[in-house]
Amino acid sequence: MSPSCFSLILAPATILATIPGFAADPIDFSREILPILSNKCFACHGPDAKKNELRLDSREAATADRDGVHAIHPQDPTESEILVRIHDREDPMPPADAEKQLTEVERLMLDRWVRQGGDYAKHWAFVPPVKSGKHDSIDGFISQALTQHSTGAGFAGEADRATLARRVAFTLTGLPPDPDQLAHFLADKSEDAYESLVDLLLSSPRYGEHQARYWLDAVRYGDTHGLHLDNRRGIYPYRDWVVRALNENLPLDTFITWQLAGDLLPAPTMAQQVATGFVRMNPTTSEGGVLPEEFQAKNNFDRTETLGTVFLGMTLTCARCHTHKYDPVEQTEYYQLLAFFNSTAEKPLDGNKYDYGPAMKAPGDQAAWTRWTSLEEDASALLKGIDGLGQSEDPWRDRLVKLADPDGPYKSHTAHAKAQALRKRIDEAEAAFTTTLIAKELETPRPTQVLMRGEYNLPTGERLTPDVPSVMGDLPADAPRNRVGLAQWLTSDEHPLVARVLINRVWQRVFGDGLVRTPEDFGAQGEQPTHPDLLDWLAVELQESGWDLKHMLRLMVTSTTFKQSSSRRRDLQDPENRLFGRGPSYRLDAEVLRDVALWASELLDPSMGGEGVKPYQPSGIWLAMAHPASNTKKYERDQGRKLYRRSLYVYWKRTSPHPMMTLFDAPSREASCVRRSRSSTSLQSLALFNETQRLEMARMLAQRLLRERTSDEERMDLLFTLLACRPPTEVEGRACGDLLQAMKRRYQNDDASAVALLSQGDAPRDTTLNPADHAAWAQVATTVLASDIALLLY
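Residues numbered from 1 in each chain as written. Predicted model: local features only at pLDDT ≥ 70, side-chain atom pairs only at ≥ 80, totals over all residues. Heavy atoms only, no water.

1. Focus on the pairing of strand β2 (residues 433-437)
With 5 of its 5 residues buried, β2 lies for the most part within the structure. Across 5 bridges, the pairing between strand β1 (residues 359-363) and β2 is antiparallel. Looking at β2, one finds that Pro363 is bridged to Phe433. (Buried < 20%, exposed > 50% of the residue type's maximum accessible area, 1.4 Å probe, protein only. Helix = DSSP H or I, 4+ residues; strand = E, 2+ residues; numbered from the N terminus. Pairing = 2+ DSSP bridges.)

Structure representation (C-alpha cells):
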C-alpha cells in the first residue's frame, strides 16, 4: 500500500482515537452500519448489483478476492479497499457525482466497523423478537432512554384528570367522554378510577368503529371498484365484520387468518367467508381494450404488495421487476409469494358489476349480524349430538335442512319442530341480507412464473410453488401451500416481522408516532426504531397475550408514558418527541373532527353498519370526475338521520372521496395507507368556517347550549366541557365572551342574516329561541370547533 493511501487511512483513525470509548465500543452492524450501506451504497452494490459488480450486502461478497483486492480484507482489516475509497478525495466512493454522499460521521462509522473486522449480521427486523429481560413494562424502557439521553431527565408530570379523560376517550373510541362519564371519573377518587374508565371505553361499541378506521386505511377499503368507471361494488358487510371483530376482541392471529383464508377453513362460517373480502379489496376495472391477462397480473401485484405493507412492513414493489435493491428479497421470491393469490376464482376484469363474483349474501348491518350470530348459536346447539346428519365440519345449514325436512327421516325426531321454527327465523333474518364480495379458490390452480421486468406477457422460467421470502423464515413444516399456510406463517411465533409491524401501528395510533416512524418500511431503507428493546418486548407480549389487541391498548394507555403532560419541556431537547418524554399531541383525523362536532351538537346517529351514507358535499364533484357511463357519476345526498351517521360509514368513492375527508388528509384508499399525513393549510380553515355540515353542527351545538343552560357563563362552560373536558381559561373565556357580544350586536337588528345562518343544513331549528342569540352562539361554536381546543389531541 502506498504511503499516501496509508496517510488517508491513518487520519480518521487518529480522529476516532480522540473520542472517548468510540473506537472501543463494539459496532452494531444491523442498527449502525446497514442503514449507511443501504442508503449510500446499495443502489450500485446491493442485492440487485449488476453481474460481476462488487456487492456489499453480505460478508461473503464483501471479502471476496477481486484480483488481489478485498473490499473488506478477511485477515487484515487495515488492508481493506473500503478504507481507501471512503477517504480518497481523488477517487472516492460513493463517486463525487453520486446523488447521496457519505457524511463525515458516516465515514468514521464505516472506518470503525471495518477496523473491528467488518462483521455482518442480519438486519434487525429479520431476527425474531425476544424480550430482553431488562424491563417488564413500557415505562421501564422509556425511563431508561430518557435517563441515558439527559442526566436527570425523567417523565413529565401527569396530565390533569380532565385532559387525561379526553385523551384516552379519543384514543380508544374517537369521541370525547360523555358528560356523565367525565363527571363520574372526576368525582371518583379511588386508585383504580382511571383503569375503570379505560375498561368502560374498551367495552363501548364506539371502540370497534374507531379502531376499524385504521385497518380500513391499511386494506384500502372502498365502496367502489376504484378504476375507470369506478362503479359501485358490494363490500360493506366486510367493513361491518371488521367493526364487529374488533369489538369482540377477536385475537389478531385469528383476525388475520379469517381475512386471508376464511373460505379455506373447514365448514367456514358466514363471518369467516365475509372476512375474505380482504382478498377482494384491490382496485379493479373492466375498461374497454384492457387485457384480462394483464389485469390478472396487476390484481395480484396489488395484493402481494399490500400484504407486504400491512403485515410485513416491507416495500415489495421493486421486486416485481428485479431483485430488491435494498432488502434481501429476490424477484423469484416475490412471485412465489404472489402465487398464494394467483388462483382465486374471480375473473381478472370486474364487468363493472356490483356483485363481481364470487359473492354471497350477508347481514346488511350490525343489527342483522347480531340476529344471525344468535341463529348460528341456536343451530349449533340444536344440531349437536344428532347422529346421521353428517360430520360436524359439514355446513350447518345443510344439516339443519335435513332435520327440518317435513318428508325426511327426522320428521318424528324431537328436534324436528325446533328445526322448522329455526329455518323460519333464518328466512326472516336473510331478508336483511345484502351482497358482499368474497374469496374462493379455483379447483385447478393457475400457473405462476416470474414475469420478466414485471411484464404480464413475459413469463420466464419454471412454474413456481407458493412460498415465502427466505429471509423471513420458512413456512411451518405442516402448512399447506395455500392461503391457509400463508396465514399460519404470518402468525407463527417465529415470524420476525408481523407482530412488530402490527404493534408498531398500535403504538402509532396511541402516541401519534410509531417506535418505527416508517411503519410501511421496516427494511434497510426505513427508520431504525427509537426504542428497539421496547418494540421487541411489545411484539412478544402481543404474541404471549394470545394476540389480544385490547390487552395491548390497555397496557399503553395506562402507562405513565401515555399519561404525561403533553406540554413542551425546557429540560428536554426533543422537538419530535422521539424519546416520548411528554404525552401525545397531534391533530385529530378527518373522521374524528366531523364525529366530535356531530356528537357535541347531539346530531350523531348511533346506528351501526349498513351501506355507506352520503352527507352534504358540493354539487358536481362526482360528475366532473366520472366517466359518463359510471353509476357513481351523480352524487345523491341522503336525507334524514343518514346525514348524521358516524364518518366511518361515509360512502367511499375511491376516485373522489368526500372532500372534507381528503382536505384533512384521509387517503383515497386506492392503495394501502398505514400512516396518514397531518397537514395544516388555510383551505382547511376556510372549510371549517363555511362547509354546510360544519355550520349546521355549530348552530345545533349552539341550540343545545341555549336549551340546557340559562346564563352565558354556564353556556360557555358547557361548550368547553363538551369539547375540551374542562371550563375555559381566563383568556379563552374573555376572547369567546368578546366574540359573543360582538355577534349579538351583529345580529341584534338583522333577523334575516341570523335566520340565513340558522338555516344551514336540514336539521330543524328551534324557532322558540331568539334568532340573534342563537346566531351569535352559533358563531362562537363555529370558532371553538375550528380551534386547537377541538382539533387536537393533547
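2. Some remarks on the packing of aromatic side chains
Per the stated rule, a full pass over the model turns up 23 aromatic pairs. Arranged with centres 4.7 Å apart and planes meeting at 40°, the rings of Phe29 and Tyr120 form a pair that is tilted. With Phe29 in helix α2 (residues 29-40) and Tyr120 in the loop between α6 (104-115) and α7 (138-149), this residue pair connects regions lying 91 residues apart in the sequence. Relative to Tyr120, the ring of Trp113 has its centre 5.4 Å away and its plane inclined at 70°; by these criteria the two rings are edge-to-face. Comparing Trp113 with Tyr120 shows no difference in burial state: the two are buried. Through pairs of rings, three or more aromatic residues link up here, namely Trp215, Tyr238, Trp241, Phe255, Trp258, Phe278 and Phe311. The ring centre of Trp396 lies 5.9 Å from the NZ or CZ of Arg397, which sits over that ring. In this structure, Arg645 packs its charged tip against the face of Tyr649, placed 4.5 Å from the ring centre. (Phe/Tyr/Trp six-rings, centres within 6.5 Å; stacked < 30°, edge-to-face > 60°. Lys NZ or Arg CZ within 6 Å of the ring centre and 35° of its normal.)

3. Describing the packing of helix α8 (residues 161-173) against helix α10 (residues 193-202)
Interhelical geometry of α8 versus α10 gives an angle of 25° and a closest axis separation of 10 Å. In terms of orientation, α8 lies roughly parallel with respect to α10. Here α8 and α10 pass one another in a crossing that is right-handed. For the pair α8 and α10, contact is made by Arg161, Leu164, Ala165, Val168, Ala169, Leu172 and Thr173 and by Ala193, Tyr194, Leu197, Val198, Leu201 and Leu202, respectively. Its residues placed into classes, the contact of α8 with α10 shows 11 nonpolar, 1 polar and 1 charged. (Axes fitted to C-alpha atoms, helices over the stretch in contact; angles between N-to-C directions. Parallel < 35°, antiparallel > 145°, perpendicular 65-115°, else oblique. Left-handed = near helix turned anticlockwise from the far one by under 90°. Contact = heavy atoms within 4.5 Å. Nonpolar A, V, L, I, M, F, W, Y, C, P; charged D, E, K, R; others polar.)

4. Some remarks on the pattern of salt bridges
Summed over all chains, the structure comprises 49 salt bridges. For the salt bridge of Lys298 with Glu294, the shortest nitrogen-to-oxygen distance reads 3.4 Å. With Lys298 and Glu294 both in helix α15 (residues 292-312) and 4 residues apart, this pair spans about one turn of that helix. A relative accessible area of 40% places Lys298 in the partly exposed class. Look at Glu294 and you get partly exposed, because its relative accessible area is 22%. Of the charged contacts, one joins Asp665 and Arg587 as a salt bridge, the two residues approaching to 3.0 Å between their closest N and O atoms. In this pair, Asp665 is assigned in the loop between α27 (659-663) and α28 (682-690) and Arg587 in strand β5 (residues 586-587), connecting sequence segments 78 residues apart. On the accessibility criterion, Asp665 (15% relative accessible area) is buried. (Salt bridge = Lys/Arg side-chain N within 4 Å of Asp/Glu carboxyl O.)

5. A word on the side chain of Asp111
On the secondary structure map, Asp111 appears in helix α6. Engagement of the side chain of Asp111 in a polar contact is seen with the side chain of His87, the distance being 3.0 Å. (Polar contact = N/O pair within 3.5 Å; in protein donor to acceptor, adjacent residues only side chain to side chain.)

6. Structural notes on the nonpolar core
Tyr238, Trp241, Leu260, Leu486, Leu490, Trp507 and Leu538 are the most contacted members of the largest nonpolar core, which has 140 residues in total. The leading source of residues in this core is helix α21 (residues 498-511), at 9 residues. If you count residues domain by domain, this core takes at least three from each of domain 2 (161-203) and domain 3 (372-432). Among the nonpolar cores identified, the runner-up in size contains 64 residues, and Val596, Ala597, Leu718 and Leu740 belong to it. (Core = buried A, V, L, I, M, F, W, Y, C linked by side-chain atoms within 4.5 Å. Domains from an automatic or database assignment.)

7. Overview of the domain arrangement of the chain
Splitting the chain by domain gives domain 1 (4-121), domain 2 (161-203), domain 3 (372-432) and domain 4 (689-793). Here the C-alpha centre of domain 4 lies 26 Å away from the C-alpha centre of domain 2. The interface is formed by 9 residues belonging to domain 2 together with 10 residues belonging to domain 4. Taking both sides of the interface into account, the surface hidden between domain 2 and domain 4 amounts to around 700 Å²; carbon and sulfur atoms contribute 64%. Its largest share of buried area at the contact with domain 4, domain 2 owes to Arg166, Pro179 and Leu182, together 59% of the area lost on that side. For the interface between domain 2 and domain 4, the tally reads 0 salt bridges. For the side of domain 2 that touches domain 4, the elements supplying multiple residues, two or more each, are α8 and α9 (179-187). No other element matches α8, which puts 5 residues into the side of domain 2 that touches domain 4. Here the side of domain 2 that touches domain 4 is built from residues that sort into 6 nonpolar, 1 polar and 2 charged. (Buried area = accessible area lost by both parts, 1.4 Å probe.)

8. Points about α28
Among the residues making up α28, those that are buried are Gln684, Ala687 and Leu688. Taken around the axis of α28, the buried residues stretch over an arc of 100°, which confines them to a single face. Of the exposed residues in α28, the ones pointing more than 90 degrees away from its buried face are Ser682 and Leu686. Buried residues along α28 sit against β5, α27, α29 (692-708), α33 (771-785) and α34 (788-791). (Arc of directions from axis to C-beta.)

9. Re the packing of α10 against helix α23 (residues 549-557)
Between α10 and α23, the least distance of the axes is 11 Å, while the angle of their chain directions is 145°. Crossing of α10 over α23 shows right-handed handedness. Between α10 and α23, the contacting residues are Tyr194, Glu195, Val198, Asp199 and Leu202 on the first element and Lys550, Arg554 and Val557 on the second. Taken together, the residues that form the contact of α10 with α23 break down as 4 nonpolar, no polar and 4 charged.

10. Structural notes on the state of the cysteines
In the structure shown here, the tally under the stated rule is 0 disulfides. You can see Cys41 has no disulfide; the closest cysteine sulfur is in Cys44, sitting 9.0 Å from it. The class of Cys41 is buried, set by a relative accessible area of 14%. Free cysteine: Cys736, not disulfide-bonded; nearest cysteine sulfur from Cys725 at 16 Å. In this structure Cys736 comes out as buried when scored by relative accessible area, which is 11%. (Disulfide = S-S within 2.5 Å.)

11. Things to note about unusual backbone geometry
Put simply, Met93 and Pro94 share a cis peptide bond, and its omega is -5°. Among the structural elements, Pro94 can be located in the loop between α5 (81-85) and α6. Here Gly357 and Pro358 are connected by a cis peptide whose omega angle stands at 5°. Note on placement: Pro358 falls in the loop between α16 (331-338) and β1. Backbone geometry places Ala267, a non-glycine residue, at a positive phi of 40°. Position of Ala267 among the secondary structure elements: in the loop between α13 (252-261) and α14 (270-275).

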